[in-house]
Amino acid sequence: MAEPGTSFGQRLQSALVDALLAGIIAFALFSLLLGLKTVDSVTGLTLEPRPQLLAVAVGIVMVGRLLLNLFVWQAEYPITLPFARLFTRETFERRDILVLGITAFVSAIVFIVGSILGNAACQLVAGFVLAFMGVGFIRRTIVFFFPNLPYARIFTVGGIAFAVLFPICSYFLEKAFHLGLPLRYLFDLSILVLTYIMLGWGLNVVVGLAGLLDLGYVAFYAVGAYTFALLATHFGLGFWICLPIAGAAAALWGIILGFPVLRLRGDYLAIVTLAFGEIVRIVLLNWTDVTNGPNGVSGIPKPTFFGLPFAPSGGETFSAFFGLKYDPLQGIIFLYYVILVLAFTTNLVTLKLRRLPIGRAWEALREDQIACRSLGINTTITKLTAFAIGAMFGGLAGSFFATRQGFISPESFTFIESAIILAIVVLGGMGSQLGVAIAAIVMVGGFEALRHTEGLQSIFGEGFDPALYRMLLFGIAMVGIMVWRPRGIIGSRTPSIVLDEARPISVDLVKEGRA
Amino acid sequence: MAYFLQQLINGIALGSIYGLIAIGYTMVYGIIGMINFAHGDIFMVGAFIALIAFLALMSLGLTMIPLALLIVLIIAMLLTAVWGWTVERIAYRPLRESFRLAPLITAIGMSIVLQNFIQVAQGARVKPLQPVVTGGYVLFDQNGFAVNLSNIQILIVVTTLVLMTVFWLIITRTALGRAQRACEQDRLMASLSGVNVDRTISLTFVLGAALAAVAGLLYLLYYGVIDFYIGFVAGIKAFTAAVFGGIGSLPGAMLGGLIIGLIETFWSAYFSIEYKDVAAFSMLAIVLIFFPTGLLGRPEVEKV
């Protein structure tokens, strides 16, 4: 917002100066790294100048900064305000409606013209704007007519119902009407998202509830995956027998790691868990006799439906038993339900534990360790259980990962996985189960979707490979969401213990762990 | 004995590089209490800037290696410092008053951004550089095993010592150092007594990034090959070093760096090269069990 009493001329002047400074800094940042490219040649590395690219990058920074300053940051009336108001309950001013109307009108025209000319870029951008505004408009309308509905609950129940019904419904719809839905891809993506939701909920026990910062969560994921993979390939054990074993093994590792590091506080704990994650990965990579090193373990069996395998032929299979025609999608749908059940189990166990003494002890520990100790809570046992239970869920998710992939290698268990899971927990709003689910859908789903976007190619030209920019955009999104909403996507939560009525409180009232 | 001595020399050279990076971690931790996860990648960016600046100077026809290296050093320090400043400005300053995990997440995000920016801008292939600083001395020869002290190792240790001294003087003798120590103790009180806290924190990042750039240049000269991923491993090692020595303590960072470098080198030399990182990390866990705040760290006082 602008200082009151500044004229447009003054603001323009300061915005121009600011853009100039930003341009100088951008030039310093990019001059060598973007302006010159190192190229392999016969005589070693040589340099290839790219002045246009440098100019474009600096130009984008300058113009972007100028526009943001003029119309958003320093503006008397930020242009983003009406769009933000679409998603709140504030009343609209007349100019809000004007801005929204013009935007909708222009995007509709761009969309129509783009469709006629067959320009995918126009369609994509205008379509996105229209969809965004449409969602906001529908939301406002519903809220206007039914202001007092329990929206959080409706959202949760609706989400669960959707998660349960989605594969079956889409499968039968597809079979009945041949809509040409990319079912295989949709199911694979949903399974991936659910895996991350489960991991997020598992890590939430450690980070969100107990307030212990764990940067090596992926180690337990790896332990679970390798436990199942090795048991299955060496001893021929099935998924359902190995699942509890994998969970127990991961929990055991959680305890083994937990014991020495429980004396540590905050960031010391973080670095030791990070080191532990790396140690597990390095051991998996180099202990070739057992883990087959970088080549990984392959031929991991799929889970069976009460002993009935999903296979095209060969004795008692799922399709033969139920008299169905074999379809590879059946196995995938089954995997979907397996991870759905696992994820919901994680959620329910966490919610129940929060009401038990141990869960209350976790949260108390997060808030104040010394007070805990003076009240006679055994901090060591409390931390250990949090670690072990979080690790157990990681291990269960890991063995599911192994059975779904059929192949695992240490490459799947790098630090970046831990970082993504932690980001999901924190971006979702610490300790909020719904927030974790939303964050997982946004981060993993959006991230995966980028792999398949042809529309982006039409914006940035044929040479643009979305996969190359995926991680870059992922990182930018991580920083952006965090700066935009430091308290996570779900900024409020219901306290675990209440006097007579559960009222959501701001997350600001909840301390994060310093344990 | 000769083998041992050779490993000692190698370990000290490696440890000096870790120490230089570790200072960036320890300073930032000391002043705002956050793990600057992107610092390892700032080091990597520094190495890339140094590489490109060096190649540019070569193609401009500057053949006097010492002068070229000096210019590269200055360019790398300046430009990397701008990177450090920008990262702090974009990702950390807006979250200054937020809860503790928020800047950690943006730091991890920044680390991903920097790695992938370099990958997109400069390609994923490793970047080799012919040895620039060559030659050295044979200290002595024992049964055909010669103990070498190469010029680049001397350069690394001397540069590190000089920078450490300069740095120590900045922290203990200048107004900036005084402001930094004040912010470290109590940010609110410091701002009440007229210290510009935001500027001091920015300068801390700038100094840390400049030292990381020096480490990047030395790494480039020592190993002769860099890629966009070196920041991650070096960053974790350096952070381990900082924690090892007691995070927040400058001599601790240097000591921790040396110890980590030595552990790694000796483990590779006498046991197995694959498990050198395991050795360094296990050593960290063991030390932390007995000294929960590192070797030279101040014991944390628990307050209600």
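Conventions we followed
- Throughout this document, residue positions are counted from 1 along each chain, in the order its sequence is written.
- Starting at A for chains and at 1 for ligands, labels are handed out in the order in which the entities are written.
- Only residues with pLDDT of at least 70 get local features here, since the model is predicted, and only at 80 or more are side-chain atom pairs given and counted; chain-wide, interface and lining totals rely on the full set of residues.
- Helix and strand definitions here come from DSSP, where helices need a minimum of 4 consecutive H or I residues and strands a minimum of 2 consecutive E residues; each element is numbered from the N-terminal end.
- Note on method: radius of gyration uses C-alpha positions; expected globular size equals 2.2 Å times residues raised to 0.38.
- Any residue surrounded by 20 or more other C-beta atoms within 10 Å of its C-beta is treated as buried, while 12 or fewer makes it exposed and the intermediate range makes it partly exposed; C-beta atoms here are placed from the backbone.
- Here contacts are defined at the residue level, using C-beta atoms placed from the backbone and a cut-off of 7 Å between them.
- What we call a nonpolar core is a set of buried Ala, Val, Leu, Ile, Met, Phe, Trp, Tyr and Cys residues whose membership is set by joining through C-beta atoms within 7 Å.
- Either an automatic procedure or a domain database provided the assignment from which the domain bounds are taken.
- We treat two strands as partners when DSSP finds at least two bridges between them.
- In this classification, Asp, Glu, Lys and Arg are treated as charged, Ala, Val, Leu, Ile, Met, Phe, Trp, Tyr, Cys and Pro as nonpolar, and every other residue, Gly included, as polar.
- How far a helix is expected to stretch is found by multiplying one less than its residue total by 1.5 Å.
- Here the bend at a residue is taken as the angle between two axes, fitted respectively to the seven residues that end there and the seven that start there.
- Working convention: axes come from line fits to C-alpha atoms, limited for helices to the stretch in contact. Angles between N-to-C directions cover 0 to 180 degrees.
- Here the angle decides the label: under 35 degrees means roughly parallel, over 145 means roughly antiparallel, 65 to 115 means roughly perpendicular, and every other value means oblique.
- Rotating anticlockwise by less than a right angle from the far helix to the near helix defines a left-handed crossing, while the corresponding clockwise rotation defines a right-handed one.
- Along the chain, pLDDT gives the predictor's confidence residue by residue, from 0 to 100.

On to the overall build of chain B. Looking only at helices and strands, chain B features eleven helices and four strands. For 304 residues, the compact-globule formula gives about 19 Å, and the C-alpha radius of gyration of chain B, at 19 Å, lands near that figure. When the backbone C-alpha atoms are referred to their principal axes, chain B occupies close to 65 × 50 × 35 Å. Here chain B holds 304 residues, and 50% of them are scored as buried. Across chain B, the fraction of contacts at a sequence separation of at least 24, relative to all contacts at a separation of at least 6, is 75%.

Counting secondary structure elements, chain A contains 20 helices and six strands. Radius of gyration (C-alpha) of chain A: 26 Å, near the 24 Å computed for a compact globule of 515 residues. Each of the 515 residues in chain A was classed as buried or not, and the buried ones make up 35%. Taking all contacts inside chain A whose residues are at least 6 apart in sequence as the whole, residues at least 24 apart take part in 70%.

The next point concerns the nonpolar core. With 219 residues, the main nonpolar core has A:I339, A:A423, A:I424, B:A47, B:I49 and B:A50 as its most contacted residues. It is helix 8 (residues 197–223) of chain B that provides the largest number of residues to this core, a total of 17 residues. Counting residues domain by domain, this core receives three or more from each of domain 1 (1–76) and domain 2 (182–345 + 368–421) of chain A. Sequence-distant contacts of A:A423, that is, excluding residues within four places in its chain, are made with A:M443, A:M478, B:I105 and B:I108.

Here the focus is the pairing of strand 3 (residues 145–150) of chain B. Residue and element names in this part refer to chain B. The buried fraction of strand 3 is low, at zero of six residues. Note: strand 2 (residues 136–142) against strand 3, six bridges, orientation antiparallel. The partner of Q142 across the bridge, within strand 3, is F145. Following strand 2, the chain reverses through two residues before pairing antiparallel with strand 3; N143 in that reversal takes a positive phi of roughly 50°.

On the chain B side, the residues contacting the 46 residues of chain A number 57 residues. When residues in the side of chain A that touches chain B are grouped by element, the largest group, twelve residues, is from helix 10 (residues 266–286) of chain A. Across the side of chain A that touches chain B, the residue classes tally to 35 nonpolar, four polar and seven charged.

Position of A:F474 among the secondary structure elements: in helix 20 (residues 466–484). The exposure class assigned to A:F474 is buried, which follows from the 21 C-beta atoms found within 10 Å. For A:F474 and A:I255, which are 219 residues apart along the polypeptide, the C-alpha to C-alpha distance reads 33 Å. When near neighbours in sequence (up to four residues on either side) are disregarded, A:F474 contacts A:F447 and B:I112.

A word on helix 1 (residues 2–32) of chain B. Residue and element names in this part refer to chain B. The end-to-end C-alpha distance of helix 1, which contains 31 residues, comes to 45 Å, matching closely the 45 Å that a straight helix rising 1.5 Å per residue would cover. The largest bend along helix 1 measures about 25° and falls at I21. Summarising burial for helix 1: 22 of the 31 residues are buried, a large majority. Downstream of helix 1 by one or two residues, G33 has phi in the positive range, about 65°.

Residues and elements named next belong to chain A. Helix 13 (residues 328–355) packs onto helix 6 (residues 151–177) with a crossing angle of 175° between their chain directions and a minimal axis gap of 10 Å. The angle between helix 6 and helix 13 places the two elements in the roughly antiparallel class. Counted together, A163, P167 and Y171 of helix 6 and L329, I333, Y336 and L340 of helix 13 form the full contact between these two elements. Looking at the contact of helix 6 with helix 13, its residues break down into seven nonpolar, no polar and no charged.

Here the focus is the domain arrangement of chain A. Taken domain by domain, chain A consists of domain 1 (1–76) and domain 2 (182–345 + 368–421). The C-alpha-based centres of domain 1 of chain A and domain 2 of chain A are spaced at 44 Å.

What follows deals with unusual backbone geometry. At A:N292, a position not held by glycine, the phi torsion is positive, near 65°. Residue classification places A:N292 among the partly exposed residues on the basis of 18 C-beta atoms within 10 Å.

Geometry of a packed helix pair, given as the angle between the helix axes and the separation of the axes. Residue and element names in this part refer to chain B. Where helix 1 meets helix 8, the axes come as close as 9 Å, and the angle between the chain directions of the two elements is 165°. It follows that helix 1 is roughly antiparallel to helix 8 by the angle criterion. Judged by the sense of rotation from one axis to the other, the crossing of helix 1 with helix 8 is left-handed.

Mean pLDDT over chain B: 88, with 98% of residues reaching 70 or higher. Reported confidence for the predicted complex is 0.87 by ipTM and 0.87 by pTM.

Before going further, it helps to examine the environment of A:A343. All names here are of chain A. Mapped onto the fold, A343 is located in helix 13. In this structure the C-alpha to C-alpha distance between A343 and A232, which are 111 residues apart in sequence, comes to 23 Å. The residues contacting A343, other than those within four sequence positions of it, are L194, I197, M198 and W201.

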